[in-house]
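So the chains spell out like this:
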Amino acid sequence: VQLQASGGGLVQAGGSLRLSCAASGRTFSMYARGWFRQAPGKEREFVAVINRSGGSTYYGDSVKGRFTISRDNAKNTVDLQMNSLKPEDTAVYYCAASPLFKTGKETMTGYDYWGQGTLVTVSS
């Protein structure tokens, strides 16, 4: 079972990137899918989560209104569209899968599967 994140790179502030997370080894259509990030010297931070059907999403305050999470269960993928990027968005971005859709104070817990991360660097 593997989650493979891709799409990271170097972008100027104000630009956009689209991350994608492909799953293999099993289907994750019954799992909530999330994105997290970790900047150098900082703790891992919740970014966004989408429920199994794609009908509900939840975002961290720092990305709300700029990032959009989506999923394609037929392709077993989840994407993160990142717009209006800021230097503080620089981090390694990880995708993950959880059997439960959690929001609020529970956003960091319950993830059974994690991808290896893709680096996003936003220059000022």
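In the block above lies the structure referred to throughout.
This text gives an overview of the structure that appears in the document. Just so we're clear, the structure is a prediction, and the values are computed from it rather than from any experiment. Residue positions within a chain follow its written sequence, with the count starting from 1. Two thresholds apply to this predicted model, a pLDDT of at least 70 for residue-level local features and 80 or more for giving and counting side-chain atom pairs, whereas whole-chain, interface and lining totals are computed over all residues. Side-chain figures throughout are based on the complete set of non-hydrogen atoms in the structure, without hydrogens or water.

**A closer look at the overall build of the chain**
Put simply, DSSP marks the helices as runs of H or I at least four residues long and the strands as runs of E at least two long, and each gets a number from the N terminus on. Scanning the chain from terminus to terminus reveals 0 helices and 11 strands. Tracing the chain from N to C terminus, the helices and strands come up as β-β-β-β-β-β-β-β-β-β-β. The globule rule used for comparison is 2.2 Å times the number of residues to the exponent 0.38, while the radius of gyration itself is calculated over C-alpha atoms. Against the compact-globule benchmark of 14 Å for 124 residues, the chain has a radius of gyration of 13 Å, which places it among compact chains. Expressed as a percentage of its 124 residues, the buried residues of the chain come to 43%. Pairs at least 24 apart in sequence give 59% of the contacts found in the chain among residues at least 6 apart. Accessible areas in this description were obtained via Shrake-Rupley with a 1.4 Å probe; residue shielding takes into account the shown protein chains only. A total of about 6,200 Å² of accessible surface is found on the chain, and carbon and sulfur atoms cover 49% of it. Three labels apply to residues, based on accessible area from a 1.4 Å probe with only protein chains included: buried if under 20% of the type maximum, exposed if over 50%, partly exposed otherwise in between. Here, residues are in contact when the closest pair of their heavy atoms is within 4.5 Å.

**Section: the sheet that holds strand 3 (residues 17-24)**
Strand order in the open sheet made by the 4 strands is 1-3-8-7, with antiparallel pairing throughout. Of all the strands in the sheet, the pair left with one neighbour each is strand 1 (2-6) and strand 7 (67-72). Going from strand to strand, the sheet's axes swing by 15° on average, the running direction of each strand aside. When DSSP finds at least two bridges between two strands, those strands are taken to pair. The pairing of strand 7 with strand 8 (residues 77-82) spans 6 bridges and is antiparallel. Looking across to strand 8, one finds that D72 is bridged to T77. Only the stretch in contact is used when a helix axis is fitted, and all axes are lines through C-alpha atoms; the angle between N-to-C directions ranges over 0 to 180 degrees.

**Topic: the state of the cysteines**
The definition used for a disulfide is geometric: two cysteine sulfur atoms within 2.5 Å. Under the counting rule described, the total for this entry stands at 1 disulfide. At a sulfur-sulfur separation of 2.1 Å, the disulfide partner of C21 is C95. Because the sign of the S-S torsion sets the handedness, a value of about 60° for the bond joining C21 and C95 places this disulfide among the right-handed ones. Here C21, found in strand 3, pairs with C95, found in strand 9 (residues 91-98); they are 74 residues apart in sequence, far enough to count as distant. Here the two residues C21 and C95 agree in accessibility, since each one is buried.

**Things to note about the packing of aromatic side chains**
Two rings from Phe, Tyr or Trp (for Trp, the six-membered ring) form a pair when their centres sit within 6.5 Å of each other. Planes less than 30 degrees apart are called stacked, planes more than 60 degrees apart edge-to-face, and all others tilted. For the structure shown, the criterion picks out 8 aromatic pairs. Each ring, one from F28 and one from Y31, has its centre 5.3 Å from the other, and the planes form 75°; the classification is edge-to-face. Considered together, F28 and Y31 belong to a single accessibility category, that of buried residues. When the ring of F36 is compared with that of W114, the centres are 4.9 Å apart and the planes differ by 50°; the resulting orientation is tilted. A residue pair is termed long-range when its members are at least 10 positions apart, and F36 in strand 4 (residues 32-38) and W114 in strand 10 (residues 113-114) qualify at 78 residues. Classification of F36 as buried rests on a relative accessible area of 0%. Residue classification places W114 among the partly exposed positions, given a relative accessible area of 33%.

Taken by themselves, the reported measurements are silent on function.
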